[in-house]
Amino acid sequence: MKLLPPVFFSPAVVFFLMSAAGAAFADEPVGFQEGMRLLAKYHCQTCHAVDRTLAGPSLHDVAKKYASDPHARSVLGESILNGSTGVWGGAVPMPPTKVPAADLKPLVEWILSLDQY
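In this convention, every chain numbers its residues from 1, walking through the sequence in written order. In keeping with the predicted nature of the model, local features appear solely for residues at pLDDT of at least 70, side-chain atom pairs appear and are counted solely at 80 or more, and the whole-chain, interface and lining totals rest on all residues. Side-chain figures throughout are based on the complete set of non-hydrogen atoms in the structure, without hydrogens or water.

(A) Representation of unusual backbone geometry within the structure. At His43, a residue that is not glycine, the phi angle is positive and equals roughly 60°. Checked against the element boundaries, His43 lands in the loop between helix 2 (32-41) and helix 3 (59-66). His43 gets classed as exposed once you look at its relative accessible area, which sits at 54%. Helix and strand definitions follow DSSP, with helices as H or I runs of at least four residues and strands as E runs of at least two, each counted in order from the N terminus. Only protein chains enter the accessibility calculation, which uses a 1.4 Å probe; a residue is then buried when its area is under 20% of its type maximum, exposed when over 50%, and partly exposed in between.

Below, the structure is given as structure tokens:
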């Protein structure tokens, strides 16, 4: 049996392969537990629950409201980052929340996926 010589990759090739794998993973759907972790990490559960109204609307209602909106991701992301007032009638205004981009996208995707529940 003939053995092949070891293959060595340059650091640039290794970085590219790892980045591609990370990008593919980043596009995976956000699971319920991961969504709940992000919700807790940024204290969203203080005003929002998945299935019932607290000081703010339920996340299920948010997902239903934006289900047919082609701009839902940007609108919801902006609302999280900058806060919002008046979108839900007389509800307590939502304060701005500092969520880094790495967590904002999966948090928004998870919230919007809740229209299925």
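Additional details are given in the paragraphs that follow.
(B) Structural detail: helix 4 (residues 72-82). For helix 4, the set of buried residues is Ala72, Leu76, Gly77, Ser79 and Ile80. Buried positions in helix 4, seen along its axis, are confined to an arc of 160° and lie on one side of it. For this analysis, residues touch if any pair of their heavy atoms sits within 4.5 Å. Contacts made by the buried residues of helix 4 are with helix 3 and helix 5 (101-113). One or two positions beyond helix 4, positive phi appears at Gly83, with a value near 80°. What the arc describes is the spread of directions from the helix axis to the C-beta atoms.

(C) Up close: the packing of helix 4 against helix 5. Only the stretch in contact is used when a helix axis is fitted, and all axes are lines through C-alpha atoms; the angle between N-to-C directions ranges over 0 to 180 degrees. Across the interface, helix 4 lies against helix 5 with an axial gap of 10 Å and an inter-helix angle of 115°. Between helix 4 and helix 5 lies a crossing of right-handed hand. On the side of helix 4, the interface is formed by Ala72, Arg73, Leu76, Gly77, Ile80 and Leu81, while helix 5 contributes Leu104, Leu107, Val108, Glu109, Ile111 and Leu112. In a left-handed crossing the near helix is turned counterclockwise from the far helix by less than a right angle, and in a right-handed crossing that turn is clockwise.

(D) The arrangement of the packing of helix 3 against helix 5 in detail. The N-to-C vectors of helix 3 and helix 5 enclose an angle of 85°; their axes lie 7 Å apart at closest approach. The pairing of helix 3 with helix 5 is recorded here as roughly perpendicular in orientation. Packed against helix 3, whose contacting residues are Leu59, Val62, Ala63 and Tyr66, the element helix 5 presents Trp110, Ile111 and Leu112 at the interface. When grouped by side-chain class, the residues that make up the contact of helix 3 with helix 5 number 7 nonpolar, no polar and no charged. Here is the rule for angles: anything less than 35 degrees is roughly parallel, anything more than 145 is roughly antiparallel, 65 through 115 is roughly perpendicular, and the remaining ranges are oblique. Classification convention: Asp, Glu, Lys, Arg as charged; Ala, Val, Leu, Ile, Met, Phe, Trp, Tyr, Cys, Pro as nonpolar; all other residues, Gly among them, as polar.

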